[in-house]
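Overview (structure and organization)
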Amino acid sequence: MGRPRVFIVRAPGTNCDMETAYAFEKAGAAPEVFHLNRWLESPHRADDFQIICFPGGFSFGDDVAAGRMVAARMQRLLQDALRSFVDQDRLVLGICNGFQILIKSGLLLKNDEEGRPVATLDWNDHGRYEDRWVKTAADRTHCVFLRGVERMELPIAHAEGKFAAVNQETLNTLKANGQLALRYVDDRLTDEVLPFPVNPNGSMMNVAGVCDETGRVFGLMPHPERHIDVTHHPAWTRRRGHCEQGDGMVIFENAVEYFES
Amino acid sequence: MTLWEVDIKPRVGAVDRAGLRVEAEFHDLGGQQPIQVRTARGFLVQGDFDQAGIRELADSILADAVVESWTAAQVGDDSLAESPGPEFRLITVMPKPGVTDPVALSVLDTLSRFGTPAEAVCTLRKYWIAGLGDDEALRQVATKLLANESIEQWILGPVAQDHISLGTPSAFVKRTVPIREASEAELMEISKSWQLSLTLVEMRTIQARFQGLDRDPTDIELETIAQTWSEHCSHKTLAGRIAYRDERGERHFDNMLRETIFAATVQIRRELGDQDWCVSVFKDNAGIVKFDEQNHVCFKVETHNRPSAIEPYGGANTGIGGVIRDTLGTGLGAKPICNTDVFCFAPPDLTADQLPPGVLHPRRIMKGVVSGVRDYGNRMGIPTVNGAVYFDRRYIGNPLVFCGNVGLIPVDKASKEVQPGDLIVSIGGRTGRDGIHGATFSSAELTSESERLSGGAVQIGNAITEKMAMDVLLAARDRGLYNAVTDCGAGGFSSAVGEMGENIGAEVWLERAPLKYEGLTYTEIWISEAQERMVFAVPEKHWEEFEALCRSEDVEATAIGRFEPTGRLTLKYRDEVVGDLDMHFLHDGRPPVVREASYEPQAQVAMDLSESVDVPNTVYEILGSLNVASKHWVIRQYDHEVLGGSVIKPLVGLQQDGPSDAAVIRPVLDSRRGLAVSCGMNPHYGDLDPEAMAAAAIDEAVRNCVAVGADPDRIAILDNFCWGYTDRPETLGSLVRAALGCQQTAIALKTPFISGKDSLNNEFSYVADGERKTISIPSTLLISAIGQVDSVDSCVTMDLKEVGSWIYQIGATRLEMGGSHFGLVTGRQGGSPPTLQAAMARRIFQRIHHAITQGFVSSCHDMSEGGLAIAMTEMAFAGGLGAEIDLGQIPMCETVTQLEPTARRLANLFAESNSRFLVEVRPEHANAFEQLMSDVPWGRLGKVANSSHLRINEAPAGGSSETLAEIDLVTAKQRWLAPLDWN
């Protein structure tokens, strides 16, 4: 098939749409950016696409809670269309605010038996917005976007990025399923909550990104699209000539390759 | 209709972060006793909901079940007043009616989208506090900590009201103001009571005008004139006539800015001839210069001082929101690509009894300002890449907030022209009573009463409304749907429409403007400074498409009038003419004022350098002084990487905590071409010599840009003058002197000024012990620079890279200790401020740039506050490497060579002479580098070492090298990080 088409969703306040589209394009995909209203008008608008991406930003200003306003619209107005999209062996990626939207829409993690959400993204422990680079590692996962990934250095930029599950049991199950796909690390990958700034927000089990059971829906707080160029890295002037592209590029390449194989 | 309330608390067992923050801030502001605070955030929802409906709303939209619990009930229900314990007292805080409440608007919008509309929604915060004692103590905490009474109301106890105020319609009454017969005293009384800030001469000019017309002005006419003639909008002082006198003689300016700053640009452009790279300077909302084949860039820095003094969060919010609209309103609309922000505060560690009455604590101001810029800039999706924070006690009543924005604009969109017949279209935010009299207020002096009087001038922004407007603006621009655009800033529609229609004429239908709530008079609609509005000139044939585009993204667009070739500004309300002014009178009718200005150079006293200091401790003290100390607490709250073009970040080095000289971004993602953004400012030099301050600020801004790799032949600069009361000849004189300094330096360095903005009368007055006292800010000149980088791959950072590399100082050290940080921390007075040898400075910039593009430079750092010792220490700890340098190798001019050893040492270590860099060069490039530097002062000071020390050596005449001092880099870094390492 030709280049996979990416449906990039832009809600009021989304602000990473252009650079995310650029990263997909560089990886060989054909991205298009759509206003959320266009999708709400015709819920099957994304059906001709292979990938849906919710980029970073402040959809609806993070009003009430980050991602909530889009998530609520999706739950009520796009649920069926999205479900059928995912069921057709396609991919969904949520970055930062996109992750917040995905987790709050229920698309990423199944609700419990009583229909209650099992995890959320809460306020950073220190209560502030924070822009800083972190080290992440993939944790034995079937997540399509993380194929071949061991470690990535990426920036985070958020106020509400603390992964919080309702209880330990949920965490254990998610871990056993390989759904706690991306973790904040220093030297080692551990479940014990690492101190700030290694774990920049206090996430339980140092979770930086999670995927659904299929591994085809993935949300992460760090911004892979902000590390696709060598000069994106904060210490790039200390390692000239040592690398050719940024660590985050692989996320987009994996998405494209999924449809090539 | 029922009024429901939903309260949301952290789930049992979870941390109450908001509560902890209040406890910490209570103690920060001097509270002694232990207190306990529990919080809830809440919503009032007015509408046709039943219990089940409101529970559904709480559960699915308002609260997060994983980490929060909620209570929903009708207002007044006991469950809403339930206390965590008997010792707790409740304070509820809500926005005042009419104040923008973005979260409430989002909820309202979402409910209506789901087919369950509410009539009104309002947010609130609840604080249960134990340990405070009586009502008076609670009142103190409510007003000093929890609520800002200029925008919020607070009550002891739970919400008691039974409805949300939505305003009430007012009857239309056309008002005229009888001025034709008014005496001088009456004229001034009118100016004062209407908050017009007009002088007597101006009032008399208006009086004469209307006597000639044989009628009295309407209120809206008077307001329009006052706003157009305000200092804020017309810059009547600096762009006016000034009779200036200094030791060199007398000089008469017809337009001071035009004859100094602007004249420098004219001369530079003339000298450049075909190579001129300026596009549009000092005429549009921002200055525009060439960038590449497809795009130009524009840059503007605004001040937003007075609102920030009263409501720091909202003031800073609307400051950054406003300057972004300047970019959007430049040419046919530029795309904002990065922000800068520079703040001046009083030291945040002052105690409450050190504050004059009527001012907010500087710590509260700083936190509010930083979060105001953060929440707006981040939400707009514009990286905040550069800035500075400066501290001086004299900013206590007048903090300064400079917000800047850079934009990218296609080369064919750089100019605009309104056509007769175009519709006047407003998009974005609705008009409310917010910000009435902002333009005239910001031109007046602040007093301890301002907080009470000028609440209307303070606003809260709604960044997403502006983001939405920006999205449709750029789309409409690319489709060619309009002929002109400008922002609605100070003065509101009055200013925007007045300026756009200046050369044509306009008719406005005021009743059509969409309002936030009912009850605004026609004059309030016209002069409201409600945020997030842009005004367009849309040809009739494009109106339908323009409106549809806006509607498709939920942006409100309304035609509120038409540009008509009448030369008149005609204001109508429900078909009745309420104002009719001649555009020529409005824009050119202001009586010229000749202001006196005088400047007398201060006698210079040398700084006593006979006594030595403990060098390491002095270095630690300077690093830990507020101006030098790390600003990471601020920087990390700003998204500096959104848009995907970050190249050099504000914090760099091994652990990403070294202070970068400038930021570099790549605004076009598939190109390697970059923009460097930096600034220069040092009010301490201005206390000694404003001309020297101007030269130093320009030199600093330029060398910061050059240090990261910008081409010195392509750096444009902006000026922002913030001064005291310029009716005093000596205050205005020091400003003129600084402007003359700007002119000379800009010409010599070939750095054109492309835009600027001033803020005058920054004084704070209050009464203490029956006496009126006044605090004037230090004369503050901010220079912002925007440079260009051919290929960002050649950029360098300031952190040391490699053991064994050579360290060079480029540029000579002079005996210039005046206004230095050495003086500040040691308490030594006197000394000359840095001087500028402009021809040499330019040559140094070019040589450094050449060396960087050749790849000879591993790291490069500008030498500024604290001189060599501080710059070297910063490079070392940022790179996680040590260094060893020899003071004998420093390139120094004769004034230093001649000094006694102790004084020479101190000057070499701590002088803040201009145009100097520290450069790290690998040994294999040393020869080529030294050859390149052959016609500028340079010295090879030493080497990068594998250690945790900076060792400073000195070889006495004829003797062998001795260690003078060892600076422990771990201590140095800790001292540098600590002062502003806030939670």
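Here is what the cut-offs are and how they apply
- Residues numbered from 1 in each chain as written.
- Chains lettered and ligands numbered in written order.
- Predicted model: local features only at pLDDT ≥ 70, side-chain atom pairs only at ≥ 80, totals over all residues.
- Heavy atoms only, no water.
- Helix = DSSP H or I, 4+ residues; strand = E, 2+ residues; numbered from the N terminus.
- Rg over C-alpha atoms; globule rule 2.2 N^0.38 Å.
- Buried < 20%, exposed > 50% of the residue type's maximum accessible area, 1.4 Å probe, protein only.
- Contact = heavy atoms within 4.5 Å.
- Areas by Shrake-Rupley, 256 points an atom, 1.4 Å probe, with all protein chains shown as cover.
- Lys, Arg positive; Asp, Glu negative; His and termini not counted.
- Charge placed at Lys NZ, Arg CZ, Asp CG, Glu CD.
- 1 Å grid on protein atoms, 1.4 Å probe; cavity = no way out; pocket = protein on both sides within 12 Å on 5 of 7 lines; lining within 4 Å.
- Points joined across faces, edges and corners; volume = space filled by probe spheres on them.
- Nonpolar A, V, L, I, M, F, W, Y, C, P; charged D, E, K, R; others polar.
- Phe/Tyr/Trp six-rings, centres within 6.5 Å; stacked < 30°, edge-to-face > 60°.
- Lys NZ or Arg CZ within 6 Å of the ring centre and 35° of its normal.
- Buried area = accessible area lost by both parts, 1.4 Å probe.
- Salt bridge = Lys/Arg side-chain N within 4 Å of Asp/Glu carboxyl O.
- Polar contact = N/O pair within 3.5 Å; in protein donor to acceptor, adjacent residues only side chain to side chain.
- Arc of directions from axis to C-beta.
- Pairing = 2+ DSSP bridges.
- Axes fitted to C-alpha atoms, helices over the stretch in contact; angles between N-to-C directions.
- Parallel < 35°, antiparallel > 145°, perpendicular 65-115°, else oblique.

What follows covers the overall build of chain B. Secondary structure summary: chain B contains 31 helices and 40 strands in total. For 983 residues, the compact-globule estimate of 2.2 N^0.38 gives 30 Å, and the C-alpha radius of gyration of chain B, at 29 Å, lies within 12% of that figure. Dimensions of chain B along its principal axes, counting C-alpha atoms only, are 95 × 70 × 65 Å. Residues classed as buried in chain B amount to 64% of the 983 residues present. At a minimum sequence separation of 6, the contacts of chain B that also span at least 24 residues come to 82%. For chain B, the exposed area adds up to about 34,200 Å²; of that, 47% sits on carbon and sulfur atoms. Looking at chain B, you have 90 positive and 134 negative side-chain charges, and the mean spots of the two groups are 2 Å apart.

Moving on, we come to the overall build of chain A. When its secondary structure is counted, chain A shows seven helices and eleven strands. The C-alpha atoms of chain A give 17 Å as radius of gyration, which agrees with the globular expectation for 261 residues (18 Å, within 12%). Referenced to the eigenvectors of the C-alpha coordinate spread, the extents of chain A come out at roughly 50 × 45 × 35 Å. When the 261 residues of chain A are sorted by exposure, 67% land in the buried category. Here the contacts in chain A between residues at least 6 apart in sequence split such that 75% fall between residues at least 24 apart. Here chain A has roughly 8,900 Å² of accessible surface; of this, 45% comes from carbon and sulfur atoms.

Residues and elements named next belong to chain B. Applying the stated criterion across every chain yields a total of ten cavities of 30 Å³ or more. Space inside the largest cavity adds up to approximately 760 Å³. Around the largest cavity, the lining comprises 37 residues; the ones closest to its centre are Gly-387, Ala-388, Lys-631, Pro-659 and Ser-660. Where the lining of the largest cavity is concerned, the elements lending two or more residues are strand 13 (384-391), helix 21 (632-635), strand 28 (674-680), helix 23 (690-708), strand 35 (857-862) and helix 27 (867-879). In terms of residue count, the dominant contributor to the lining of the largest cavity is strand 13 (seven residues). Classifying every residue of the lining of the largest cavity gives 19 nonpolar, eleven polar and seven charged.

Inspection of the entire model under this criterion finds 29 aromatic pairs over all chains. On the basis of an interplanar angle of 40 degrees and a centroid distance of 6.1 Å, the ring pair of Trp39(A) and Phe54(A) is categorised as tilted. Linking Trp39(A) in helix 2 (residues 36-41) with Phe54(A) in strand 3 (residues 51-54), this pair joins segments that are 15 residues apart in sequence. The burial state of Trp39(A) is the same as that of Phe54(A); both residues are buried. Summarising the aromatic geometry, the rings of Phe172(B) and Tyr573(B) are spaced 5.0 Å apart at their centres and angled 50 degrees between planes, so their arrangement reads as tilted. Here Phe172(B), found in the loop between strand 6 (152-156) and helix 5 (184-193), pairs with Tyr573(B), found in strand 21 (residues 568-573); they are 401 residues apart in sequence, far enough to count as distant. Ring pairing ties together the aromatic residues Phe7(A), Phe34(A), Trp39(A), Phe49(A) and Phe54(A), which thus form one cluster. The ring of Phe49(A) is capped by Arg5(A), whose NZ or CZ atom sits 4.0 Å from the centre of that ring. If you follow Lys943(B) out to its NZ or CZ, it ends over the ring of Trp806(B), 4.9 Å from the centre.

What follows deals with the interface of chain B and chain A. Contacts between the two partners involve 70 residues from chain B and, on the opposite side, 58 residues from chain A. Of the roughly 5,200 Å² buried between chain B and chain A, counting both surfaces, carbon and sulfur atoms make up 48%. Per-residue buried area on chain B facing chain A is highest for Arg17(B), Val66(B) and Arg636(B); these three make up 13% of the total on that side. One can count twelve salt bridges joining chain B with chain A. The partner of Glu56(B) in a salt bridge is Arg76(A), with the nearest N and O atoms 3.2 Å apart. Between chain B and chain A we count 37 residue pairs in polar contact (both at pLDDT 80 or more) in total. Put simply, the parts of the chain that give the side of chain B that touches chain A at least two residues each are helix 1 (17-28), strand 2 (36-47), helix 2 (51-62), helix 3 (102-113), helix 12 (362-380), helix 15 (463-478), strand 24 (646-648) and helix 27 of chain B. Per element, the largest residue contribution to the side of chain B that touches chain A is seven residues, and it comes from helix 3 of chain B. Broken down by class, the residue content of the side of chain B that touches chain A amounts to 28 nonpolar, 17 polar and 25 charged.

Here the focus is the pattern of salt bridges. All names here are of chain B. Here the structure, examined in full by the defined rule, presents 82 salt bridges over all chains. Asp-790 is paired through a salt bridge with Arg-673; the nearest N and O atoms lie 2.8 Å apart. Taken as a pair, Asp-790 in the loop between strand 33 (780-789) and strand 34 (806-810) and Arg-673 in the loop between strand 27 (663-665) and strand 28 lie far apart in primary sequence, 117 residues in all. Of the residues examined, Asp-790 reaches a relative accessible area of 58% and is grouped as exposed.

Moving on, we get to helix 5 of chain B. For an α-helix, 3.6 residues make a turn, and residues three or four places apart therefore share a direction. Residue and element names in this part refer to chain B. Listed as buried for helix 5 are Leu-187, Ile-190 and Ser-191. Down the axis of helix 5, the sector holding all buried residues measures 100 degrees, keeping them to one side. Along helix 5, exposed side chains directed more than 90 degrees from the buried face belong to Ala-185 and Lys-192. Looking at the packing, one finds that the buried side of helix 5 touches helix 6 (200-213) and helix 7 (219-228). Just downstream of helix 5 lies Gln-195, where phi reads positive at about 55 degrees.

Quick look at the sheet that holds strand 20 (residues 557-563) of chain B now. Residue and element names in this part refer to chain B. Strand order in this open sheet of seven strands is 17-19-15-20-18-21-22, and the pairing throughout is mixed. Of all strands in the sheet, those bounded by a partner on one side alone are strand 17 (484-487) and strand 22 (576-582). Direction aside, neighbouring strands of the sheet carry axes that sit 25 degrees apart on average. Of the strand pairs in this sheet, strand 15 (residues 423-428) and strand 19 (residues 533-538) are connected by six bridges, and their pairing is antiparallel. Across the sheet, Leu-423 pairs through a bridge with Val-538, a residue of strand 19.

Residues and elements named next belong to chain B. Pairing in this open sheet of seven strands is mixed, and the strands run 35-37-34-38-36-39-40 from one edge to the other. Strand pairing shows two members of the sheet lacking a second neighbour, strand 35 and strand 40 (962-968), which therefore form its edges. Averaged over all pairs of adjacent strands, the angle between strand axes in this sheet comes to 20 degrees, irrespective of strand direction. On top of the sheet, helix 26 (residues 838-853) reaches strand 34, strand 35 and strand 37 (917-921); it is set at about 25 degrees to strand 37, its chief contact.

Pairing geometry for strand 7 (residues 241-246) of chain B and strand 8 (residues 249-253) of chain B, over five bridges, is antiparallel. In the strand pairing of strand 8 of chain B, Asp246(B) is matched with Gly249(B).

All right, on to unusual backbone geometry then. Between Phe196(A) and Pro197(A) the backbone carries a cis peptide bond, its omega angle lying at 5 degrees. Among the structural elements, Pro197(A) can be located in the loop between strand 9 (182-184) and strand 10 (207-211). Despite not being glycine, Gln195(B) has its phi angle at roughly 55 degrees, a positive value. Along the chain, Gln195(B) falls in the loop between helix 5 and helix 6. Given a relative accessible area of 38%, Gln195(B) falls into the partly exposed group. Here the phi dihedral of Lys750(B) falls at roughly 55 degrees; this positive angle occurs in a residue that is not glycine.

Moving on, we get to the pairing of strand 18 (residues 506-509) of chain B. All names here are of chain B. Residues of strand 18 alternate between two faces, with Ala-506 and Val-508 on one and Glu-507 and Trp-509 on the opposite face, all of them buried. The pairing of strand 18 with strand 20 spans three bridges and is classified as antiparallel. Paired with Ala-506 across the two strands is Phe-563, which belongs to strand 20. Bridging between strand 18 and strand 21 involves four bridges; their strand directions are parallel. By the bridge assignment, Trp-509 is partnered in strand 21 with Lys-572.

At a closest axis distance of 10 Å, the pairing of helix 3 (residues 68-77) of chain A and helix 2 of chain B adopts a crossing angle of 115 degrees. Considering the angle they form, helix 3 of chain A stands roughly perpendicular to helix 2 of chain B. Residues Arg68(A), Met69(A), Ala72(A) and Arg76(A) of helix 3 of chain A touch helix 2 of chain B, and the partners they reach there are Glu56(B), Ser60(B), Ile61(B) and Leu62(B). Of the residues that constitute the contact of helix 3 of chain A with helix 2 of chain B, the class distribution is four nonpolar, one polar and three charged.

These figures capture arrangement, not role.
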